[in-house]
Amino acid sequence: MPIVGYGLWKVGKDKASSLVKSVIGSGYRHVDSAANYGNEKEVGEGIAEAIEEGICSREDLFITSKLWNTYHDPEHVEDACKRSLADLGLDYLDLYLIHFPISLKYVPFDVRYPPGWVPDPDISDSMEFAPVPISQTWKAMEKLVDKGLVRNIGLSNWNSQGLRDIFSFARIKPSVLQIEIHPYLQNTRLIEYAHSLGMAVTAFSPLGQGQSYAKLGHGDISALKDDVIVNIAERLGVSCAQVVLRWGMQRGCSVIPKSEHGGRIKENIDLFGFSLSQQDMDEIAGMDQNLRMNDPGYFCPRNFNTQCPIWD
């Protein structure tokens, strides 16, 4: 898995195709998608154009997608994967993650896709859980590997006890853990535990920018404006984003930043011509606030009238 990727959350359908082609042209080979992002068909168009124009081959790319909460029942897992494959125009995924440790009531494709968090927003704005043991979902994920539909399977937004549970019964162990990581939420113990299990760790929202979470009240948060980051960037002659992404890499994580600005897209992958000193790493370690922006325990009661903590 390439250590730097491009995250597609909140990339609009009108921009997804051109952006994906652009980021591949800029050197990205790791593209992080998900059914719930609602843009996989357009992402697939961008991938196809890049391949057709000889920018890369399919084998050069590492494409991730994610199983949404409403498809945890084993009878729906393969169909959900195949829907993502069809939208992306691919024969296989390099990585397929369970998006959240949350099983919700099934919503058929022809009713609504992607289905979101509530089964029928015209009737109720509350979530409905589905009693699906994660062991059953995981066995269905393993079958995707057996059938050649995916190369690797893993987990997103999972805590340490959840990892212990899955590792206790998994025939094919999860290879990747994707979680929110940035200087204000460093997740040191969880990263170290995942690494001890042999898992790769990917940081989403790695820049610590609250703009994507503005509706949750985090719009003014920016790790890039913190004096610690600004001072290191000025001394090294690089951008604040490059400092934060390099910090993530030096902690042994892959990073999947998102930008729609051409210059920053190129800047965010240009991380190999400098390094952070141990003093730099120590100073950034002191920024940790355990500030989680993507937290179902907060946004589910607020937006969907449903208690749904996963990080308690």
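Relevant structure appears above.
Residues numbered from 1 in each chain as written. Predicted model: local features only at pLDDT ≥ 70, side-chain atom pairs only at ≥ 80, totals over all residues. Heavy atoms only, no water.

Undergrad: What should I look at first to understand the overall build of the chain in this one?
TA: Across its full length, the chain holds 11 helices and eight strands. By the compact-globule yardstick of 20 Å for 312 residues, the chain fits well, its C-alpha radius of gyration being 19 Å. Projecting the C-alpha coordinates of the chain onto the three principal axes gives extents of approximately 55 × 45 × 40 Å. In the chain, which comprises 312 residues, the share counted as buried stands at 54%. For the chain, the accessible surface area stands at approximately 13400 Å², while carbon and sulfur atoms represent 47% of it. (Helix = DSSP H or I, 4+ residues; strand = E, 2+ residues; numbered from the N terminus. Rg over C-alpha atoms; globule rule 2.2 N^0.38 Å. Buried < 20%, exposed > 50% of the residue type's maximum accessible area, 1.4 Å probe, protein only. Areas by Shrake-Rupley, 256 points an atom, 1.4 Å probe, with all protein chains shown as cover.)

Undergrad: Is there a simple way to think about the pattern of salt bridges in this case?
TA: Should the charged atoms of two oppositely charged side chains come close, the side chains can pair. On inspection of all chains with the given rule, the structure shows 12 salt bridges. For the salt bridge of Lys-66 with Asp-32, the shortest nitrogen-to-oxygen distance reads 2.7 Å. A residue pair is termed long-range when its members are at least 10 positions apart, and Lys-66 in strand S3 (residues 62-67) and Asp-32 in strand S2 (residues 30-32) qualify at 34 residues. With relative accessibility at 1%, the residue Lys-66 sits in the buried group. Judged by relative accessible area, Asp-32 falls into the buried class, the value being 1%. Where Glu-128 meets Lys-105, a salt bridge forms, and the shortest distance between an N and an O atom there is 3.8 Å. Separated by 23 residues along the polypeptide, Glu-128 in the loop between strand S4 (95-98) and helix H4 (134-146) and Lys-105 in the loop between S4 and H4 bring together distant segments of the chain. A relative accessible area of 41% means that Lys-105 is categorised as partly exposed. One salt-bridge network, in which partners are shared between bridges, spans Lys-15, Lys-258 and Glu-260. (Salt bridge = Lys/Arg side-chain N within 4 Å of Asp/Glu carboxyl O.)

Undergrad: I keep staring at the environment of Ile-24 and nothing clicks. Help me out?
TA: Tracing the sequence through the fold places Ile-24 in helix H1 (residues 13-25). Assessed through its relative accessible area of 0%, Ile-24 is described here as buried. A C-alpha to C-alpha distance of 11 Å links Ile-24 and Arg-58, two positions 34 residues apart in sequence. Leave out the neighbours within four places in its chain, and Ile-24 touches Arg-29, Ile-47, Ala-50, Ile-55, Cys-56 and Leu-61. (Contact = heavy atoms within 4.5 Å.)

Undergrad: Hey, could you run me through the sheet that holds S2 in this one?
TA: Backbone hydrogen bonds hold the strands of a sheet together, and the pairing may be parallel or antiparallel. Here we have eight strands laid out as an open sheet, ordered S1-S2-S3-S4-S5-S6-S7-S8, and parallel in their pairing. Strand pairing shows two members of the sheet lacking a second neighbour, strand S1 (6-7) and strand S8 (253-255), which therefore form its edges. Summarising the sheet, S3 and S4 pair through four bridges and their orientation is parallel. Paired with Ser-65 across the bridge in S4 is Tyr-96. (Pairing = 2+ DSSP bridges.)

Undergrad: How should I be thinking about the environment of Phe-109 in this particular structure?
TA: The topology assignment puts Phe-109 in the loop between S4 and H4. Along the primary structure Phe-109 and Gly-248 are separated by 139 residues, whereas in three dimensions their C-alpha atoms are 37 Å apart.

Undergrad: Sorry, what's going on with helix H10 (residues 278-285) here?
TA: When we look at burial in H10, the residues that qualify are Asp-280, Met-281 and Ile-284. Angular distribution of buried residues about the axis of H10 spans 100°; they occupy a single face of the element. Along H10, the residues that are exposed and aim more than 90 degrees away from the buried face are Gln-278 and Gln-279. (Arc of directions from axis to C-beta.)

Undergrad: Got a minute to help me understand the packing of helix H7 (residues 227-236) against helix H8 (residues 240-250) in this structure?
TA: Contact pair H7 / H8: the axes reach a minimum separation of 8 Å and the direction vectors enclose 100°. By the angle between their axes, H7 is roughly perpendicular relative to H8. Between H7 and H8, the contacting residues are Ile-229, Val-230, Ile-232 and Ala-233 on the first element and Cys-240, Val-243 and Val-244 on the second. Here the residues of the contact of H7 with H8 are counted per class, giving seven nonpolar, no polar and no charged. (Axes fitted to C-alpha atoms, helices over the stretch in contact; angles between N-to-C directions. Parallel < 35°, antiparallel > 145°, perpendicular 65-115°, else oblique. Nonpolar A, V, L, I, M, F, W, Y, C, P; charged D, E, K, R; others polar.)

Undergrad: Would you take a moment to explain the pairing of S3 for this structure?
TA: Regular strands place their side chains on alternate faces of the sheet. Counting buried positions along S3 yields six of six residues, so the element is predominantly enclosed. As paired elements, S2 and S3 share three bridges and run parallel to each other. When the bridges of S3 are listed, His-30 appears paired with Phe-62. In this fold, S3 hands off to helix H3 (residues 74-88), which returns the chain to S4; that crossover is right-handed. (Right-handed = clockwise from strand over helix to strand, strands pointing away.)

Undergrad: What is the right way to read the packing of aromatic side chains from this model?
TA: When we look at a pair of aromatic rings, we describe it by the centre distance and by the angle of the planes. One pass over the structure, following the stated rule, counts 11 aromatic pairs. Taking 5.3 Å as the distance between ring centres and 80° as the angle between the ring planes, the aromatic pair formed by Phe-109 and Tyr-113 counts as edge-to-face. Given the relative accessible area of 26%, Phe-109 is considered partly exposed. Ring pairs connect the aromatic residues Trp-68, Phe-100, Trp-117, Phe-299 and Phe-304, which therefore count as one cluster. Residue placement shows Arg-58 over the ring face of Tyr-92; its charged tip is 4.0 Å from the ring centre. The lysine or arginine in question, Arg-164, covers the ring of Tyr-193, its NZ or CZ lying 5.3 Å from the ring centre. (Phe/Tyr/Trp six-rings, centres within 6.5 Å; stacked < 30°, edge-to-face > 60°. Lys NZ or Arg CZ within 6 Å of the ring centre and 35° of its normal.)

Undergrad: Can you help me understand H7 in this one?
TA: Because each turn of an α-helix spans 3.6 residues, side chains separated by three or four positions end up pointing in the same direction. Taken residue by residue, H7 has Ile-229, Ile-232 and Ala-233 as its buried positions. Take H7 and look down its axis: the buried residues cluster within an arc of 100°, on one side only. Exposed and oriented more than 90 degrees from the buried face of H7 are Asp-227, Glu-234 and Arg-235. In this fold, the buried residues of H7 make contact with H8 and H10. Sitting at the head of H7, Asp-226 places a side-chain oxygen 3.0 Å from the backbone nitrogen of Val-228. Of the residues flanking the end of H7, it is Gly-237, one or two places downstream, whose phi is positive at about 70°. (Polar contact = N/O pair within 3.5 Å; in protein donor to acceptor, adjacent residues only side chain to side chain.)

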